[in-house]
Amino acid sequence: MINCVSSSSSSALSNELQCSICLDVFTDPVSAPCGHNFCKSCLNQCWNNSQTYNCPLCKETFSKRPDLKINTALRQVESSEKEKADSTELFSDLMRSIERCQSELLEMMEQKQKAAEKQAEELIKELEQEITELKRRDTELEQLSHTEDHLHLLQIYPSLIRPPCTSSCAEISISDTQLSVEPLRKALIQLQETLDEKLRKSVQKTMQHAVDVTLDPDTAHPNLILFDHGKQVRYGDIKLKLTDNPKRFDYCPCVLAKEGFSSGRFYFEVQVKGKTDWDLGVARESINRKGIITAIPEAGYWIVILRNENQYLACASPPFPLFPKVKPQVVGVFVNYEEGLISFHDVESRSLIHSFTGQSFTEKLFPYFSPYDNKGRNEAPLVIGYNK
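In this text, all values refer to a predicted model and were calculated from it rather than measured experimentally.

Asker: Give a description of the overall build of the protein chain that names residues and reports values.
Answerer: When its secondary structure is counted, the protein chain shows five helices and 17 strands. Here the protein chain holds 388 residues, and 33% of them are scored as buried. Sequence separation of 24 or more characterises 62% of the internal contacts of the protein chain that already satisfy a separation of 6 or more. For the protein chain, the computed accessible surface area is about 23,900 Å², with 53% contributed by carbon and sulfur atoms.

Asker: Go over the sheet that holds strand S16 (residues 365–370) with me, naming the residues and quoting the values.
Answerer: As summarised here, the arrangement of the six strands in space is S7-S16-S9-S10-S11-S12, forming an open sheet in which the pairing is antiparallel. Edge positions in the sheet fall to strand S7 (255–256) and strand S12 (320–322), since each has one partner strand and no second. Taken together, the six bridges between strand S9 (residues 278–284) and S16 define a ladder with antiparallel strand orientation. Among the inter-strand pairings, glycine 281 is bridged to a residue of S16, identified as tyrosine 368.

Asker: Can you explain the pattern of salt bridges? Please cite residues and give values.
Answerer: Applying the stated criterion across every chain yields a total of five salt bridges. Between arginine 377 and glutamate 309 there is a salt bridge whose closest N-O contact spans 2.7 Å. Placement of arginine 377 in the loop between S16 and strand S17 (382–384) and of glutamate 309 in the loop between strand S10 (301–307) and strand S11 (311–314) is noted, with a sequence separation of 68 residues between them. Accessibility expressed as a relative area gives 51% for arginine 377, which makes it exposed. With a relative accessible area of 33%, glutamate 309 lands in the partly exposed category.

Asker: Give a description of the layout of surface pockets that names residues and reports values.
Answerer: The gaps left among the atoms become clear once a water-sized probe is rolled over them. A volume near 220 Å³ is recorded for the second largest pocket. Taken together, 14 residues line the second largest pocket, and the ones lying closest to its centre are Cys252, Asp279, Ile293, Arg307 and Tyr372. Elements represented by at least two residues in the lining of the second largest pocket include exactly S10 and S16. Looking at which element gives the most residues to the lining of the second largest pocket, the answer is S10, with three residues.

Asker: Talk me through helix H2 (residues 40–48); I want residue IDs and the actual numbers.
Answerer: Taken together, the buried positions of H2 are Cys42, Leu43 and Trp47. One side of H2 holds all its buried residues, which, seen down the axis, span an arc of 125°. More than 90 degrees from the buried face of H2, the exposed residues found are Ser41, Gln45 and Asn48. At its buried positions, H2 is contacted by strand S1 (29–31), strand S2 (37–39), strand S3 (53–54) and strand S4 (61–62).

Asker: Break down the confidence of the model for the protein chain for me, with residues and values.
Answerer: In the predicted model, the protein chain carries a mean pLDDT of 81, and 76% of its residues have values of at least 70. Within the model, pLDDT remains below 50 along residues 1–13, and this stretch shows three contacts once partners closer than five positions in the same chain are excluded. A low-confidence stretch, residues 170–179 (pLDDT under 50), is modelled with nine contacts involving residues beyond four sequence positions or located in other chains.

Asker: I'd like a rundown of the nonpolar core, residues and numbers included.
Answerer: Trp278, Ile342 and Phe369 are the most contacted members of the largest nonpolar core, which totals 35 residues. In contact with phenylalanine 369, other than residues within four places in its own chain, are Val213, Leu215, Pro253, Cys254, Val255, Ala257, Phe268, Val270, Asp279, Leu280, Leu382 and Ile384. Among the nonpolar cores identified, the runner-up in size contains 15 residues, and Phe249, Cys254, Ile287 and Tyr368 belong to it.

Asker: Talk me through the packing of aromatic side chains; I want residue IDs and the actual numbers.
Answerer: Across all of its chains, the model carries 10 aromatic pairs by this definition. Ring geometry for phenylalanine 261 against phenylalanine 266: centres 4.2 Å apart, planes inclined by 20°, an arrangement best described as stacked. Phenylalanine 266 carries the same exposure label as phenylalanine 261, and that label is buried. Three or more aromatic residues joined by ring pairs form one cluster here, namely Trp47, Tyr53 and Phe62. Over the face of the ring belonging to tyrosine 372 we find arginine 307, whose NZ or CZ atom lies 4.0 Å from the ring centre.

Asker: Residues and numbers for the sheet that holds strand S8 (residues 265–271), please.
Answerer: The antiparallel open sheet is built from seven strands, whose spatial order is S5-S6-S17-S8-S13-S14-S15. Looking at strand neighbours, the two that pair on one side only are strand S5 (224–227) and strand S15 (351–356), the edges of this open sheet. Taking each pair of neighbouring strands and ignoring which way they run, the sheet shows an average axis angle of 20°. Sheet topology places strand S6 (residues 232–235) next to S17; two bridges connect them, and they run antiparallel. In the strand pairing of S17, valine 233 is matched with leucine 382.

Asker: Got a sec to walk through the environment of proline 217? Specific residues and values, please.
Answerer: Note that proline 217 resides in the loop between helix H5 (182–207) and S5. Assessed through its relative accessible area of 43%, proline 217 is described here as partly exposed. C-alpha separation for the pair proline 217 and leucine 242, spaced 25 residues apart in sequence, amounts to 10.0 Å. In this structure proline 217 touches Leu226, Arg248 and Lys258, once residues within four positions along its chain are discounted.

The rules behind each value
- Residues numbered from 1 in each chain as written.
- Predicted model: local features only at pLDDT ≥ 70, side-chain atom pairs only at ≥ 80, totals over all residues.
- Heavy atoms only, no water.
- Helix = DSSP H or I, 4+ residues; strand = E, 2+ residues; numbered from the N terminus.
- Buried < 20%, exposed > 50% of the residue type's maximum accessible area, 1.4 Å probe, protein only.
- Contact = heavy atoms within 4.5 Å.
- Areas by Shrake-Rupley, 256 points an atom, 1.4 Å probe, with all protein chains shown as cover.
- Pairing = 2+ DSSP bridges.
- Salt bridge = Lys/Arg side-chain N within 4 Å of Asp/Glu carboxyl O.
- 1 Å grid on protein atoms, 1.4 Å probe; cavity = no way out; pocket = protein on both sides within 12 Å on 5 of 7 lines; lining within 4 Å.
- Points joined across faces, edges and corners; volume = space filled by probe spheres on them.
- Arc of directions from axis to C-beta.
- pLDDT = per-residue confidence, 0-100.
- Core = buried A, V, L, I, M, F, W, Y, C linked by side-chain atoms within 4.5 Å.
- Phe/Tyr/Trp six-rings, centres within 6.5 Å; stacked < 30°, edge-to-face > 60°.
- Lys NZ or Arg CZ within 6 Å of the ring centre and 35° of its normal.
- Axes fitted to C-alpha atoms, helices over the stretch in contact; angles between N-to-C directions.

Shown next, in the form of structure tokens:
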């Protein structure tokens, strides 16, 4: 489990991660012999402009210019904090965009409502005037119905048969009083564009941790065919006669990568285009590779699978159904070892498929692949490291 950090502790940690020269979060942090930490470029700049070499903070002087080496542990904590800050900024931007859209929509609705109310008031006044006029004419007609002066009646007859000037309800545009969705649509498009840009930058940061992955033939099930220098794997109908060893899968059509990782972050991509079934993820080094496999986190497997062309599942106990926006063609797998995170991404649509969070790793993790068997139309290979 990842413990929560209190606000006071977080603030203290942020101060510890600031360079006292540039007053910003460390970039390539280095440690002076006295133990104080600075950005490598900041400290080099100070010493490049000086005849003596001393600590900018405690002023301790060194007999010769120290050989600066990047503090990898501190840099990894400079990176984690920055990603947290970037994530906070992302959601803050989104919240501001949503609030702005809400404000603009409410303002537009109020304007439309006021316009509709004004139009309704004007219409009511016109109708009241028409009613008054009609009542007057009705009174005149009532009086004329009793007159015996036919000459007078003939004289005023043209004015009586002329229709009164009335407002036509048909001329009133109802659409003018209805709320237009166009401003809302534009606001949502702008919000989507903002989100896409943020996601694009987030994906780019994730891809900075890309690693070169090669399939390990010593782990491959005998029905699997590895080719393209260990970058592609497909299922073969003929079972190869291979030497059995503790590393090889003997029942499930699986294979691991040669490279294992016991710290930090790593990312790799796999093309799954044209396949109806596949397995992808990571597995710890000590997994059971013989017989039927229970591919769940408790057994050391963190994988997502596709079955029957459109059934996506996160392997857990019980399996968790997934519903990607579109059928993924290239899947990216990102692991943050220290934070216990494994996430799966649709590379082309830049959307998250699933994440295993709050995991605890104590040994090496290896990328895990299975092209499954060739039933149906599943002959296409898995292509490792696809980035076109």
